[in-house]
Amino acid sequence: MAAAAAAKATAAAEEEKTKTLQQELSLPIMLADRVIKSAQEAESSKFECAELAKQVDRLSQMLRSFVRLSATANATVYDRPVRRIASDITKTLERALSLTRKCRHSGPLRHLFSITTTADFRKVSNLLESSIGDMRWLLSLFDSDGTNLTLPPVASNDPILAWVWSYISTIHMGPLKDRVDAANELASLAKDNDRNKKMIVVEGGVSPLLKLLKEGASPEAQIAAANALYNLATDEERVRLIVDVMGIPIIVGVLGEAQMKVQIMVASLVARMAEMDLVASEEFVRENVTRKLVSLLSMDMVLEVVKPQTAKASIHSIIQMNKEMTDNSLRHPKLLSVHTSSFSDGSSRNRKEREAESPEVKLKLQVSCAEALWKLSKGSLLTSRKITETRGLLCLAKIVEKEKGDLQFNCLMTIMEITAVAEFNADLRRAAFKTNSPAAKAVLDQLLKVIQEESSPTLQIPAIRSIGCLARTFPARETRIIGPLVDKLSNRNVEVAMEAACALGKFASPDNFNGSEHSKAIIEFGGVPSLMRLLQSNDQAQVHGLVLLCYLALNAGNSKALEEARALNTLEGAARSVIAQYPDLKDLFAKAIHHLTLYQAGGHPHRQSFAP
């Protein structure tokens, strides 16, 4: 029964949504006529009924005027406040009708049927005045100069609601300058607090902002719309709503063809949405946003010509891109005009504008695009593949080499996210990070350069982590990677040293086919003394260091360096406390200790047990 009642209520709500404004307003207009007729037939309280009829007549005229104006309006009328006010007016008129009907009886019968008082008429009169005030506010939306910030009675207890209604209505129906101002005001409100964000979304602010962004009436309008959407997109639920109203194809279309200062804001919007919602991130990639971002990131950049087989892959990528564009057009036929008429006509103009832009603006765009690629790449095999199929890796490597600041950092973080995906996907690892690949070599060279020459932990940590993720791609003879990582084990910054230990652990791990050779290289580069010093650091660094020490013991248990560093005593001393916190490490510690006892002087294979 409860399920059936819920279904019935849902169906009623859906039917209510589909009503046109004319249908919504027809009921209060009809009720107004009934109230006036009932007031004219009153046998008692005639004066009060006549005054009530005057108010209702005035309200009726305003309702009819609104219907006429909305029917002839050039733009879509914003209906949220209309439906709310129409609902309140209907309730008020039903109350007025009930009151006037009580006055149709006179004499002794009056006391049998009803009693009306002056207070009753005063309450209804006040409600009618509020309704008249609400209609006055609604009518002002059609002819106000700029956004109307007066408060209708319906929102007198919540001024923000009235402002949100006014701003959204202006974006729907106002002149361009007012629409820009209204979008900027919504952006400001959204930035203030989550309640405002929720209100803007609930009151239907997303669709008109997307429309303003798509129309491209002016760069200022597009920036204002993108900024408002950016401030709204701060959690998964609101981002998902933008996705659900087909916002992503619009955003990607604008990113590809708008002016550069617009692209900066739109790229930041892509980054924000991708960070907040995995579904949005995947939708962006399906709309091929990565190719546009890489293209913008590599503007004015001369990249080396890749080898023939890579060029062949690029041709395949171009064919795939054309297929995706066709698929997108089929999925979003209504948006086809966005890509063809709205954008294509201005592409050559935009290219000239880009060439004329200042270096500062170009840098801001590159920073935003790199951030978007970073957020899109996180945990995404599809994004990582698309970046590596293009010349994205070469572009990222070149920027890491040449640039500083946020641009260099964002590109490093993008590389780190791609390598993190490649660590657990052998196909991507083989395709993108083959040791003879020019792109992979360029990336590796820059990662090593950052590790060796940069002093900032903010840059060193993602570079170290990236190399660690690629540990299984390096052959045993590739020892130039090990040395710089070993050097960082003794870095004064504990986080850098810990990251180096974690990366070296991936080289020495039994999961790495060349783990034994890499372990010997770590020891040859003097890694053991630095590692033993790291074990005196914080608990987290100690765990990563002990894991690396276990791997070295398993792969090179007969090493004199391990014996001199008293590695066996260290593992035995730390085992009990570490295993209590990390029980998954129990077998690793047991094997490492057992291995060391077989090689080190005085060792005995049954020395002690640390089982809890």
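Thresholds, definitions, all that
Residue indices follow the written sequence of each chain, beginning from 1 at its first position. Reporting of local features is limited, given that this is a predicted model, to residues whose pLDDT is at least 70; pairs of side-chain atoms are given and counted only at 80 or more, and all residues count toward the totals for whole chains, interfaces and linings. Excluded from the side-chain calculation are hydrogens and water; included are all heavy atoms of the structure. Numbering goes from the N terminus for both helices and strands, where a helix is a DSSP run of H or I of at least four residues and a strand is a run of E of at least two. Here the term buried applies to any residue with accessible area under 20% of the maximum for its type, exposed to any over 50%, and partly exposed to those in between, with areas from a 1.4 Å probe on protein chains only. Should any heavy atoms of two residues lie within 4.5 Å, those residues are counted as being in contact. Per-residue and other accessible areas were derived by the Shrake-Rupley procedure at a 1.4 Å probe size, with only the shown protein chains allowed to occlude residues. Among the buried residues, those of types Ala, Val, Leu, Ile, Met, Phe, Trp, Tyr and Cys that are joined through side-chain atoms within 4.5 Å form a nonpolar core. In the sections that follow, a salt bridge refers to a side-chain nitrogen of Lys or Arg positioned within 4 Å of a carboxyl oxygen of Asp or Glu. Stacked, tilted and edge-to-face pairs are distinguished by plane angle, under 30 degrees for stacked and over 60 for edge-to-face with tilted covering the rest, among Phe, Tyr and Trp rings (Trp via its six-membered ring) whose centres lie within 6.5 Å. Comment: the charge-over-ring label is applied if NZ (Lys) or CZ (Arg) is within 6 Å of the ring centre and within 35 degrees of the ring normal. Throughout this description, a polar contact denotes any pair of N or O atoms lying within 3.5 Å of each other; where both atoms belong to protein, one of them has to be capable of donating a hydrogen while the other can accept it, and for residues adjacent in sequence the pair is counted only when both atoms sit in side chains. Every axis corresponds to a line fitted to the C-alpha atoms, with the helix fit spanning only the stretch in contact, and the corresponding angles, defined between N-to-C directions, vary from 0 to 180 degrees. Small angles under 35 degrees read as roughly parallel and large ones over 145 as roughly antiparallel, with 65 to 115 read as roughly perpendicular and the rest as oblique. For a crossing to be left-handed, the near helix must be turned anticlockwise from the far one by less than a right angle; the clockwise case is right-handed. Only Asp, Glu, Lys and Arg are considered charged in this grouping, and only Ala, Val, Leu, Ile, Met, Phe, Trp, Tyr, Cys and Pro are considered nonpolar; every other residue, Gly among them, is considered polar.

(A) How the structure looks around the overall build of the chain. Counting secondary structure elements, the chain contains 34 helices and zero strands. Evaluated residue by residue, the chain yields a buried proportion of 50% over its 612 residues. The contacts of the chain with a sequence gap of at least 6 include a subset with a gap of at least 24, amounting to 74%. Put simply, the chain shows about 29400 Å² of open surface, and 52% of that area lies on carbon and sulfur atoms.

(B) Quick look at unusual backbone geometry. Although it is not a glycine, S45 sits at a positive phi angle of roughly 50°. Here S45 is to be found in the loop between α2 (21-40) and α3 (46-72). Backbone geometry at N288 places phi at a positive 65°, although glycine is not the residue there. Here N288 is to be found in the loop between α15 (278-286) and α16 (289-297).

(C) Here's a closer look at the nonpolar core. Counting residues in hydrophobic clusters, the biggest one holds 190 residues, and the most contacted among them are I251, M273 and I467. It is helix α14 (residues 260-276) that contributes the most residues to this core, 11 residues altogether. In this view, I467 contacts L444, L447, L448, I451, F474, I481, L485 and F507; residues no more than four positions away in its chain are not counted.

(D) Summary view of the pattern of salt bridges. Here the structure, examined in full by the defined rule, presents 23 salt bridges. A salt bridge links R80 to E203; the shortest N-O distance between them is 3.0 Å. Taken as a pair, R80 in helix α4 (residues 80-102) and E203 in the loop between α9 (194-202) and α10 (206-215) lie far apart in primary sequence, 123 residues in all. With relative accessibility at 35%, the residue R80 sits in the partly exposed group. Judged by relative accessible area, E203 falls into the buried class, the value being 10%. Taking the shortest distance from any N to any O, the salt bridge between R480 and D445 comes out at 3.3 Å. Linking R480 in the loop between α26 (457-469) and α27 (482-488) with D445 in helix α25 (residues 438-453), this pair joins segments that are 35 residues apart in sequence. According to the relative accessible area criterion, D445 is partly exposed, its value standing at 26%. Through salt bridges with shared partners, a single ionic network connects D194, K197, D235 and R238.

(E) Region of the structure containing the packing of aromatic side chains. This structure, assessed with the given rule, holds four aromatic pairs. Its end group placed over the ring of W374, K375 keeps NZ or CZ at 3.8 Å from the ring centre.

(F) Structural view of the side chain of S559. Take S559: it is sitting in the loop between α31 (539-555) and α32 (560-564). A polar contact of 3.2 Å, which involves the side chain of S559, links it to the backbone nitrogen of A561.

(G) View of the packing of helix α11 (residues 219-232) against α14. Direction vectors running N to C along α11 and α14 enclose 15°, while the axes themselves pass 9 Å from each other. Classified by the interaxial angle, the pair formed by α11 and α14 is roughly parallel. For α11 against α14, the interelement crossing comes out left-handed. Judged by residue contacts, P219, E220, Q222, I223, A226, N227, L229 and Y230 of α11 engage K261, V262, M265, V266, S268, L269 and R272 from α14. For the contact of α11 with α14, a count of residues per class yields nine nonpolar, three polar and three charged.

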